[in-house]
Each structure stands twice: as structure tokens, then as C-alpha cells.
Amino acid sequence: EMNQLQSLIRENFRLAKDYPVTSETRLTEDLDADSFQLIMLAVDIEQRFAIDLHDKFLDEIRTVGALQDLIDDLTGERRCTVIDMPGIGPIVDPRS
């Protein structure tokens, strides 16, 4: 859940509770995270969500939203949108 991730980020980077952490927040540019801080964040995420981020986290993830998507994928909680297509019926939009 995004609130849990936002809390972890605020704790790891010692941000004020009202500091805006959104899905567009960039980990290295906006939060000035170095590789050590990212590794510590990854460890905390792995423990909190009982997942293994592998190297994807450091190599591919740039924003909080992308990180949340990865967590959702790994925990099986990825939400999607069901679209009712006339003449076809409901389909799942995986991009949501």
C-alpha cells in the first residue's frame, strides 16, 4: 500500500511527516538518495512486505510510483481496471 511505502521513505530519509511523497517523487533526484540509502530502503521494504526486490530495485526503479508498482507485482496486490467492452464483455486493463 502506498501509505506504508510513503511512511518507509519518510523514515529512511528522515523526512518530515508532511513532506510530499507522491508517485512522481524521484528517489535519487528529489530525495537525494545515494546507493547506500537505496539499499537500506530496499532491506526495509523486503522486511515490511516479505518480498525479494533483487537487483531490479537499484537498476530499474526511479520513482516512488514505479517502486509501488514493483511491490504490488511482487506481493500480488497489483490493482487493475476492468473495462466493459460493448459486444465483448469485461476485459482487464493491465496498464492501470
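Quick caveat: nothing in here was measured; it's all calculated off a predicted structure.

### Digging into the overall build of the protein chain
Summing up its helical and strand segments, the protein chain has four helices and two strands in all. Its helices and strands in sequence order give the protein chain the pattern α-α-α-α-β-β, from N to C terminus. Taking contacts inside the protein chain between residues at least 6 apart in sequence as the whole, the part at least 24 apart equals 40%. Counting only carbon and sulfur atoms, one obtains 50% of the accessible surface of the protein chain, whose full area is about 6,400 Å².

### Observations regarding the pattern of salt bridges
The full count for this structure, using the stated rule, is one salt bridge. Among the ionic pairs, Asp-30 bridges to Arg-26, the shortest N-O distance being 2.8 Å.

### Some thoughts on the packing of helix α2 (residues 35-49) against helix α4 (residues 64-75)
One can describe the packing of α2 onto α4 by two numbers: an axis separation of 12 Å at closest approach and a directional angle of 35°. In this structure, α2 meets α4 at a crossing whose hand is right-handed. Of the residues in α4, those in contact with Leu-41, Ile-45 and Phe-49 of α2 are Leu-67, Ile-71 and Thr-75. When grouped by side-chain class, the residues that make up the contact of α2 with α4 number five nonpolar, one polar and no charged.

### Focus on the side chain of Thr-25
In this structure, Thr-25 sits in the loop between α1 (2-12) and α2. A polar atom in the side chain of Thr-25 sits 2.8 Å from the backbone nitrogen of Thr-22.

### Side note on the nonpolar core
Nonpolar side chains tend toward joint burial in soluble globular proteins. If you look at the biggest cluster of nonpolar residues, it comprises 21 residues, and the most contacted ones within it are Ile-9, Leu-27, Leu-41, Ile-45, Phe-57 and Leu-67. Of all the secondary structure elements, the ones that give two or more residues to this core are α1, α2 and α4. Residue contributions to this core peak at five residues, all from α2. Ignoring anything within four residues of it in the chain, the contact list for Leu-27 reads Ile-9, Asp-32, Ala-33, Leu-38, Phe-57, Ile-61, Arg-62, Thr-63 and Val-64.

### Topic: the packing of α1 against α4
It is the contact of α1 with α4, at a shortest axis distance of 10 Å, that shows an interaxial angle of 125°. Relative to α4, α1 is oriented oblique. Here α1 and α4 pass one another in a crossing that is right-handed. Only Val-64, Leu-67, Gln-68 and Ile-71 of α4 make contact with α1, whose side of the interface consists of Met-2, Leu-5 and Ile-9. For the contact of α1 with α4, the residue count by class is six nonpolar, one polar and no charged.

### Digging into α4
Counted at 1.5 Å a residue, the expected span for α4 with its 12 residues is 16 Å, and the 16 Å between its end C-alpha atoms agrees. Just downstream of α4 lies Gly-76, where phi reads positive at about 75°.

### Structural notes on the environment of Leu-58
Tracing the backbone shows Leu-58 in helix α3 (residues 56-60). Residue classification places Leu-58 among the partly exposed residues on the basis of a relative accessible area of 38%. Leu-58 has contacts with Leu-38 and Ile-39, leaving out every residue within four places of it along the chain.

Definitions and cut-offs
- Residues numbered from 1 in each chain as written.
- Predicted model: local features only at pLDDT ≥ 70, side-chain atom pairs only at ≥ 80, totals over all residues.
- Heavy atoms only, no water.
- Helix = DSSP H or I, 4+ residues; strand = E, 2+ residues; numbered from the N terminus.
- Contact = heavy atoms within 4.5 Å.
- Areas by Shrake-Rupley, 256 points an atom, 1.4 Å probe, with all protein chains shown as cover.
- Salt bridge = Lys/Arg side-chain N within 4 Å of Asp/Glu carboxyl O.
- Axes fitted to C-alpha atoms, helices over the stretch in contact; angles between N-to-C directions.
- Left-handed = near helix turned anticlockwise from the far one by under 90°.
- Nonpolar A, V, L, I, M, F, W, Y, C, P; charged D, E, K, R; others polar.
- Polar contact = N/O pair within 3.5 Å; in protein donor to acceptor, adjacent residues only side chain to side chain.
- Core = buried A, V, L, I, M, F, W, Y, C linked by side-chain atoms within 4.5 Å.
- Buried < 20%, exposed > 50% of the residue type's maximum accessible area, 1.4 Å probe, protein only.
- Parallel < 35°, antiparallel > 145°, perpendicular 65-115°, else oblique.
- Expected span 1.5 Å × (residues − 1).

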